[in-house]
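Analysis of the macromolecular model
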Amino acid sequence: MCGIVGYLGSSKACPILINGLLKLEYRGYDSAGISTIENNKIMCIKNKGRVKELQNIEEINSLNGSIGIAHTRWATHGKPSSINAHPHLDNSKTFSVVHNGIIENHRELRTFLNNAGYTFLSETDTEVIPNLIHYYYSKEASNEANRFVKSVKKAVQDLKGSYAIAVISSLEPDKIIVARKDSPLVIGVKNNDKYIASDIPAILEYTNNIYILDDGDIAELSSNQITFYDKNFNVVNKNIEVITWDAKSACKNGYEDYMLKEIYEQPTAIRETIGTILDDCKKCNFGNINITKDYLASLSRIYIIACGTAMHAGLAVKPIFERLTSIPVEVDVASEFRYRNPLIDEHTLIICISQSGETADTIAALKNSKLCGCKTIAISNVIGSSISREADFTLYTHAGPEIAVASTKAYTSQITILALLAIYFAEVLERHEDTIIQNLKEEILELPSKVSIILENTDLIKEFAKKIYKEKDLFFIGRSVDYATTMEASLKLKEISYIHSDAYQSGELKHGPIALIEDDVTVIGIITDKRLVDKSISNIQEVITRGAKTLIITNQEINNEIFPNIVHIPKVNPLLSPILSIIPLQLLAYYVSKEKGLDIDKPRNLAKSVTVE
Ligand code: M6R
């Protein structure tokens, strides 16, 4: 949940590190810090608050070293403060460490180090790491080859939990050692310059040539080489991955906020995602997943597992999978699924969705499922992400880097690729007439232009945002597939506007929640399924009768005179409507937050990827 950047090369490290941190703030932003080495001495500056505040510290400009590590933090152990901020140093100030993840046995390690004479300044789990490295370094003979990397190896062997670390030392001032387990880390290279990052966008401006570390890997970076070690400390070769995202895709590009930019990127994100699957003959190409008719026919159930918005994408595609494959689908929250011994076996297919591919609960759920004999498919937006390394098969959405904490384009891209997967399964199973499948494919190809139409007509949403931004509570209602959209719309509003909202199946209102409806309460209804229009309209009428003001998102004919605020979206097969109906509600959350003057891209208490439980 924190961000790591590192640099070793011929330029001054500090501006590169700050630049990288600014791009990583979406991963955590309650404190930030930098360590560089100058004249064989570690210089460390850190501060509570955002990277901008770190930048404003005068001494930052006097950091001249050309090797350094930096960190932006989302507090887990110890409150946000400059003492708890990373980098952390050992007692002798010869090792400096930045760390993402959680060291679960930090208490035992503290006791061990206390007994060995070490003391601690911070409340963090991380501070044990530089001291452990120092402990092992001082035990190695001074002429021992590779003393630094060996000490890091011994230290990480003692760690339980998850980590991505970068370490520098004034004793070996031309090296950075990095290591990872269950937390991502990549190394970028350009000529002799080397860049380290927990997330690719931090270094895209400098290079597209990336080494992705595997779990348990350690790497030693020096000016002329990188040596990779696997989890058994054998030297291994790694291939460079060329990342196709360009640096511009990780910038705001004229938009006020990343979230708005990403909302407007949805036509492209969906089009590109479709383009990787549907060829010119409208044939689904899922060549990389080895799924046979016999296997699909043997399935008793498909489980879709994810967290947050990605879980809502699962809810949105449950109907299309069930309709097209006749296989029952369950959608579950990863943090629940992983601990409740679900009834799964080789007749269960597990689909895990994760934009970042680094969400700890989702990865754990996937690993548990594999142990039960299930085949696993990961849907991720990040090439080489941890989940893609664990799953039997990975399908990538092509949404480009998603920086805003509130997920938008990843969500609609996830639904798109999953809808195509459902169609593919139906084709393999031969359970549906060709015309149904062909029609759905035609409709999927039209989605990008339909999203563009919605994005061109935002006046009513902006006006409605002005009417409701001071509210404390509101409600989203919908039936069937629209219920998934209400869940996502409610989450979007909560996380960036801090307004409490609930999502209900419209038919459930009468069973309790309607007691909360009184004068001027806002209820937002979504109606995209022709079969359910009358019933949904009755539910809206019921709340209007009790004084509610309403907004309706629909592609059906609804009388404007009775229902004042209607956002019309293009018609589409209801199985695909979640891709369209969420767009005005993403914009509503955005404009409500804007009215409130909040920091939309970095909402309080949240981080982009949740790599800890
Ligand atoms: O990277 P993931 O898709 O695994 O992330 C899952 C959730 O943490 C994420 O969707 C979260 O709910 C977003 N902030 C929603 O906007």
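Residues numbered from 1 in each chain as written. Predicted model: local features only at pLDDT ≥ 70, side-chain atom pairs only at ≥ 80, totals over all residues. Heavy atoms only, no water.

Examining the domain arrangement of the protein chain
Accessible area lost upon the coming together of the parts is a frequently used measure of interface size. You can read the domains of the protein chain as domain 1 (3-250), domain 2 (258-455) and domain 3 (459-595). In this structure, domain 1 and domain 2 have C-alpha centres spaced 34 Å apart. Each side of the interface is counted separately: domain 1 has 16 residues, and domain 2 has 16 residues. Buried area between domain 1 and domain 2, summed over both chains or domains, comes out near 1300 Å², and the portion from carbon and sulfur atoms is 55%. For the interface between domain 1 and domain 2, the tally reads two salt bridges. Of the charged contacts, one joins R389 and D214 as a salt bridge, the two residues approaching to 1.9 Å between their closest N and O atoms. If you look at where domain 1 meets domain 2, you find three residue pairs in polar contact (both at pLDDT 80 or more). Here the residues of the side of domain 1 that touches domain 2 are counted per class, giving nine nonpolar, one polar and six charged. (Domains from an automatic or database assignment. Contact = heavy atoms within 4.5 Å. Buried area = accessible area lost by both parts, 1.4 Å probe. Salt bridge = Lys/Arg side-chain N within 4 Å of Asp/Glu carboxyl O. Polar contact = N/O pair within 3.5 Å; in protein donor to acceptor, adjacent residues only side chain to side chain. Nonpolar A, V, L, I, M, F, W, Y, C, P; charged D, E, K, R; others polar.)

Comments concerning the side chain of T124
If you trace the backbone, T124 turns up in the loop between α3 (106-115) and α4 (128-139). A distance of 2.8 Å separates polar atoms of two side chains, one belonging to T124 and the other to S122. There is a polar contact of 3.3 Å between the side chain of T124 and the backbone nitrogen of E127. Non-local contacts of T124, meaning those with residues more than four positions away in its chain, are made with R73, H77, N84, H88, H106 and R110. (Helix = DSSP H or I, 4+ residues; strand = E, 2+ residues; numbered from the N terminus.)

Describing the state of the cysteines
Tallied over the entire structure, the rule returns zero disulfides. Between C44, a free cysteine, and C14, which holds the nearest cysteine sulfur, the sulfur-to-sulfur gap is 12 Å. (Disulfide = S-S within 2.5 Å.)

Regarding the environment of S577
By secondary structure assignment, the location of S577 is in helix α18 (residues 577-595). By relative accessible area, which is 0% here, S577 ends up buried. When the C-alpha positions of S577 and N47 are compared, they lie 46 Å apart, and in sequence the two are 530 residues distant. With near-sequence residues (within four places) excluded, S577 lies in contact with V481, D482, T528 and V572. In terms of polar contacts, S577 uses its side chain to reach the side chain of T528, at 2.8 Å. (Buried < 20%, exposed > 50% of the residue type's maximum accessible area, 1.4 Å probe, protein only.)

Description of the layout of surface pockets
Computed from the structure, the largest pocket encloses a volume of approximately 560 Å³. What lines the largest pocket is a set of 30 residues, and nearest its centre among them are C307, G308, T309, K608 and V610. Secondary structure elements with two or more residues in the lining of the largest pocket: α9 (308-325), β18 (348-354), α11 (360-371) and α16 (481-497). Here the lining of the largest pocket is composed, by residue class, of 12 nonpolar, 12 polar and six charged. Taken domain by domain, the makeup of the lining of the largest pocket includes at least three residues from each of domain 2 (258-455) and domain 3 (459-595). Of the voids in this model, the second largest pocket is the one considered here, and its volume is about 470 Å³. Along the walls of the second largest pocket sit 23 residues, with S162, D182, A360, I363 and K367 positioned nearest its centre. For the lining of the second largest pocket, the secondary-structure elements that each account for two or more residues are β8 (176-181), α11 and α12 (386-390). Here the lining of the second largest pocket gets five residues from one element, more than from any other, and that element is α11. The residue inventory of the lining of the second largest pocket, partitioned by class, reads five nonpolar, six polar and 12 charged. (1 Å grid on protein atoms, 1.4 Å probe; cavity = no way out; pocket = protein on both sides within 12 Å on 5 of 7 lines; lining within 4 Å. Points joined across faces, edges and corners; volume = space filled by probe spheres on them.)

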